Amino acid sequence: MSVAQPAHKRILLKLSGEALMGDDAFGINRATIVRMVEEVAEVVKMGVQVAIVIGGGNIFRGVAGGSVGMDRATADYMGMLATVMNSLALADAMNKQGLIPRVMSAIAIEQVVEPYVRPKALQYLEEGKVVIFAAGTGNPFFTTDTAAALRGAEIGAELVLKATKVDGVYSADPQKDPSATRYAKISFDEAMARNLGIMDATAFALCRDQKLPIKVFSIVKHGALRRVVMGQDEGTLVHA
C-alpha cells in the first residue's frame, strides 16, 4: 500500500508572536510552544522542508507602553530583537522534540545566533533542518509578514503558510456574522478588491508579484498544518 506523499516539499511558516502567548497576556506560554513544535515535527518527519518566520508582538506588547512617542525606527528594532528571543525559545523547544533547528538573524548577533546567509539556509533545508528566520528583514518599517514573503521567495518555498487563530479567510468576521463563509480559494486580485487584509500590503504585493501562494489556516486547530501540507481542504488558499 502506497503512503500518501506531501503536496508541498518546501514551505515557509509565518507565526505571529501572539500565537506563542496561548491564553497569557504576553510572553511565551510553554505548553503552547510545545504543541506548535509537535505539529511542525510531524510534517518534518514526512520529509517536508520547513522554514519559519516569527513575529515579536508577544514580547513587544509588554514594553509597548514605553514605546509611545518613541522614534519609529527604534521601536521597530526593539520588535526585531523580540523576534530573536522568540526564535531562540522555538529552537529550544524543537531541540527537545528531536528536531535540528537553525536560527538565522537578519541583524548580526553572532554570539547568539548565526547571520542570515541564503546559500547556508538552503543547505540547512536540504539537510532536513528547520530554519528559523529571526529579526524580520533587518530593516525598520517592514513587518514580519513582509519578512515571510521575502524569505519565502528567496528560498523557493512552494507556499507561504500564514498561521492565525481563525481557520481561513471568511467573507465576514465569523465571530460577528454567523452567515460568514470560508473561502477555500481566492485570487490575489479578488482578495485585494474585497479588502480582506490577509497580510500587509507590501507582503501581499510581493507574494502576488512572485506568484507565491499564501495559505491562511488555524495554528490552534490540531493537525491543521499536516492537512495543509498534504494538500487537503484546510484553510484558504490565496493564489495568482
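Model, not experiment: these values are computed from the prediction. (Residues numbered from 1 in each chain as written. Predicted model: local features only at pLDDT ≥ 70, side-chain atom pairs only at ≥ 80, totals over all residues. Heavy atoms only, no water.)

1. With respect to the pairing of strand 6 (residues 159–164)
Argument step 1. Across the six residues of strand 6, six count as buried, placing the element largely inside the fold.
Argument step 2. Alternating positions in strand 6 separate into two faces, Leu159, Leu161 and Ala163 on one and Val160, Lys162 and Thr164 on the other, with burial throughout.
Argument step 3. Where strand 1 (residues 10–15) meets strand 6, four bridges bridge the pair, whose relative direction is parallel. Within strand 6, the residue paired with Leu13 across the bridge is Leu161.
Argument step 4. Direction of pairing for strand 6 relative to strand 8 (residues 214–218): parallel, over a ladder of five bridges. Looking at the pairing, Ala163 lines up with Phe217 of strand 8. (Buried < 20%, exposed > 50% of the residue type's maximum accessible area, 1.4 Å probe, protein only. Helix = DSSP H or I, 4+ residues; strand = E, 2+ residues; numbered from the N terminus. Pairing = 2+ DSSP bridges.)

2. So, the packing of aromatic side chains
Argument step 1. One pass over the full model with this rule turns up two aromatic pairs.
Argument step 2. Each ring, one from Tyr116 and one from Phe133, has its centre 5.4 Å from the other, and the planes form 90 degrees; the classification is edge-to-face. Within this pair, whereas Tyr116 is found in the loop between strand 4 (114–115) and helix 4 (118–126), its partner Phe133 is found in strand 5 (residues 130–134), the two being separated by 17 residues in sequence.
Argument step 3. Given a relative accessible area of 17%, Tyr116 falls into the buried group.
Argument step 4. Centre to centre, the rings of Phe188 and Phe204 are 5.1 Å apart; their planes meet at 70 degrees, and the pair counts as edge-to-face. Taken together, the residues span a long stretch of sequence, with Phe188 in helix 6 (residues 188–193) and Phe204 in helix 7 (residues 201–209) at a distance of 16 residues.
Argument step 5. According to the relative accessible area criterion, Phe204 is buried, its value standing at 7%.
Argument step 6. For Arg151, the ring lying beneath its charged end belongs to Tyr116, and the centroid distance is 3.8 Å.
Argument step 7. Here the basic side chain of Arg151 rests over the ring of Phe133, its NZ or CZ set 5.8 Å away from the ring centre. (Phe/Tyr/Trp six-rings, centres within 6.5 Å; stacked < 30°, edge-to-face > 60°. Lys NZ or Arg CZ within 6 Å of the ring centre and 35° of its normal.)

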